[in-house]
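Below are the chains, spelled out letter by letter.
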Amino acid sequence: MSGLMMTKITSAWAFLLLPLLIFHASSEPESSTARMEKAEQQALYLVIQDLVGNWWNGTALYPDPCGWTPIQGVSCDLFDGLWYVTALSIGPVLENSLQCAEEAKLSPLLFHLEHLRSLSFFNCFSSHRPTAVPSSSKWEKLAGSLQTLEFRSNRDLVGEIPANLGHLSNLQSLVLVDNSLAGELPVELGKLVHLKRLMLSGNKFSGQFPASLCHNLTELLILDLSSNSLSGSLPPSLCSLSSLLKLDLSNNQFHGSLPPELASLTHLTLLDLRSNNFSGSWFRSLAGMASLQDLLLSYNPWGGSLVELEWEALRNLTTLDLSHMGLTGTIPEAIASLKRLRYLALDNNHLSGSVSSGFAALPSLTALYLNGNNLTGKLEFSQEFYQRMGKRFACWNNPNLCYDAAVSMATGDVLYGVAQCKQDKEAASSNYEADPYARVDRRNPDHSCGLVASFWFPADSTSGFWWGIAVEEVVSMVLFAMIL
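Owing to the predicted nature of the structure, the values given are computational and were not obtained by experimental measurement.

**As for the pairing of strand 3 (residues 82-90)**
For strand 3, a buried count of eight out of nine residues is recorded, marking the element as mostly surrounded by other parts of the structure. In this structure, strand 1 (residues 35-36) lies alongside strand 3, joined through two bridges in parallel fashion. Among the inter-strand pairings, M36 is bridged to a residue of strand 3, identified as W83. Bridge analysis of strand 2 (residues 74-79) against strand 3 gives six bridges, and the strand direction is antiparallel. Note on strand 3: the bridge partner recorded for L78 is W83.

Written out as structure tokens, the structure is:
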């Protein structure tokens, strides 16, 4: 009886496994025995050799680059039973990544890899051989496949952005960051209608913001033109980028007022306009941005009063940098009610009035810079608040501002440049009287204001903010890859 049951069970399992066995038998030979198209393979070898050096022998090192001898940075896919290259990444990303030689050059055979979806060059081209982005019409050969094109940190990648890039009709990500590219931005970039990420920061681009970028790029999520020499005013058509999440135009030469239509960018989470020459009213342009998390407007001669903006509508703010803007008037109590605020810089303005004790109740606040204003009255903060903030709290250069001497704390570094409110200062510790600078950061106090000490890095880290932006960029890239 038991033998009969075992036979039935075995037969049942065989019946269930049969489809899997058939699928395995039919699919396994295609991937394991598929060949790479010969011209494709030879083009790949020569493209890599021109980049990494003549010592690199692809035929000997990687006889089956899409099979049992894969190349780091190269991905392949099957088309009609043959392997073709779909991704090529050159540069020191991983330990065993292909790295460019000093004499690296771009081979025209690159355009023979017509199934490429992703092409990336990182830290490649040096002063030994200045290189330009190919201006050949052969970019059209990649128009049907290429989705991602990146040139990052190539200090001698020179010349202009070729207008022929406008032929890449399926491109979703164009990243030309930290190179030496120059000239005006070509209007042909406006033809990249499926673009979701456009990052051109850290180059030498000049001229005005091309309005053509705004008319057709309705799918754009990230626009970063920071650290260039772009000038002129912002076109109202910028507001047509209704899907935009991040807009970074910092460190340029833009001027004029912000278009009030900017308020229609309701999905925007980051707006960075630091270090330009913007002026005039800016409050109306921010009125509808309820999704904003990072608002960075410092080092612009805006002027105006903070009370003109309805801060309650910006309840998602985590970073607010309004330093060096020529602001006047008082600090609205509504700013002290932004519960998610982590970083607040209002330093080096002309602000007056008292400092709200409500800042101490903000659960996430870790950096508060109020130095260089005309603030008055007594600071009503507890010892716990000062200890939590440490050097990330600054109020010096407010001549009529004082703190309560009754608060027992080590104030030497926290309240540098702020007087005690009571006349009797003998309550201060003897060590502090002996050496008033013993616990004080001996740097120029202004060096630790602004975005030097951000909420995510220690106050004495001069690169903290930029590392935070780098981390955020990595997260954005991961999220962007998920979108793709």
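**Thoughts on the confidence of the model for the chain**
Residues with a pLDDT of 70 or more make up 79% of the chain, whose mean pLDDT is 83. For residues 1-31, every residue scores under 50 in pLDDT, and the model assigns this stretch six contacts once sequence neighbours within four places are set aside. Taken as a whole, residues 428-467 scores under 50 in pLDDT and shows 72 contacts with residues more than four places along the chain or in a different chain.

**Points about the sheet that holds strand 26 (residues 400-403)**
Sheets are built from strands paired through backbone hydrogen bonds, the pairs being either parallel or antiparallel. One open sheet holds the five strands; their spatial order is 20-22-24-26-27, and the pairing between them is parallel. On the outer flanks of this sheet lie strand 20 (328-329) and strand 27 (419-420), each paired with one strand and no other. Note that strand 22 (residues 350-353) and strand 24 (residues 374-379) share two bridges and pair parallel. Bridge assignment links S352 to a residue of strand 24, and that residue is N374.

**Here we look at the side chain of T319**
By the secondary structure assignment, T319 is in strand 19 (residues 319-321). Residue classification places T319 among the buried residues on the basis of a relative accessible area of 1%.

**A short note on the state of the cysteines**
Within the structure shown, the criterion is met by three disulfides. The disulfide bridge from C100 ends at C124, spanning 1.7 Å between sulfur atoms. Taking the sign of the S-S torsion, 45° for the link of C100 and C124, the bridge is right-handed. On the criterion of sequence distance, the pair formed by C100 in the loop between strand 3 and strand 4 (118-122) and C124 in the loop between strand 4 and strand 5 (131-132) is long-range, its members being 24 residues apart. One disulfide in the model links C402 with C421; its S-S distance is 1.9 Å. On the S-S bond that ties C402 to C421, the torsion sits near 95°, and the link is right-handed. With C402 in strand 26 and C421 in the loop between strand 27 and helix 6 (430-434), this residue pair connects regions lying 19 residues apart in the sequence.

**Quick word on the sheet that holds strand 11 (residues 204-208)**
Spatial strand order, 9-11-13-15-17: five strands in an open sheet with parallel pairing. Each of the sheet's edge strands pairs with one partner strand only, and the pair in question is strand 9 (182-184) and strand 17 (277-278). In this sheet, strand 17 lies alongside strand 15 (residues 253-256) in parallel orientation, the contact comprising two bridges. Across the sheet, G256 pairs through a bridge with F278, a residue of strand 17.

**Focus on the nonpolar core**
A general tendency of soluble globular proteins is for nonpolar side chains to be buried together. Core analysis: the biggest nonpolar cluster contains 117 residues, and W282, F359 and L379 have the highest contact counts within it. Examining the composition of this core, we find that seven residues originate from one element, helix 2 (residues 38-52), more than from any other. Sequence-distant contacts of F359, that is, excluding residues within four places in its chain, are made with I331, I335, A336, L344, L365, L368, F381 and F385.

**A short note on the pattern of salt bridges**
A full pass over the atoms with the stated rule returns six salt bridges. With a closest N to O distance of 2.7 Å, R274 and D272 form a salt bridge. For R274, a relative accessible area of 7% corresponds to the buried category. Through salt bridges with shared partners, a single ionic network connects E150, R152 and R197.

Each value, and the rule that gives it
Residues numbered from 1 in each chain as written. Predicted model: local features only at pLDDT ≥ 70, side-chain atom pairs only at ≥ 80, totals over all residues. Heavy atoms only, no water. Buried < 20%, exposed > 50% of the residue type's maximum accessible area, 1.4 Å probe, protein only. Helix = DSSP H or I, 4+ residues; strand = E, 2+ residues; numbered from the N terminus. Pairing = 2+ DSSP bridges. pLDDT = per-residue confidence, 0-100. Contact = heavy atoms within 4.5 Å. Disulfide = S-S within 2.5 Å. Core = buried A, V, L, I, M, F, W, Y, C linked by side-chain atoms within 4.5 Å. Salt bridge = Lys/Arg side-chain N within 4 Å of Asp/Glu carboxyl O.

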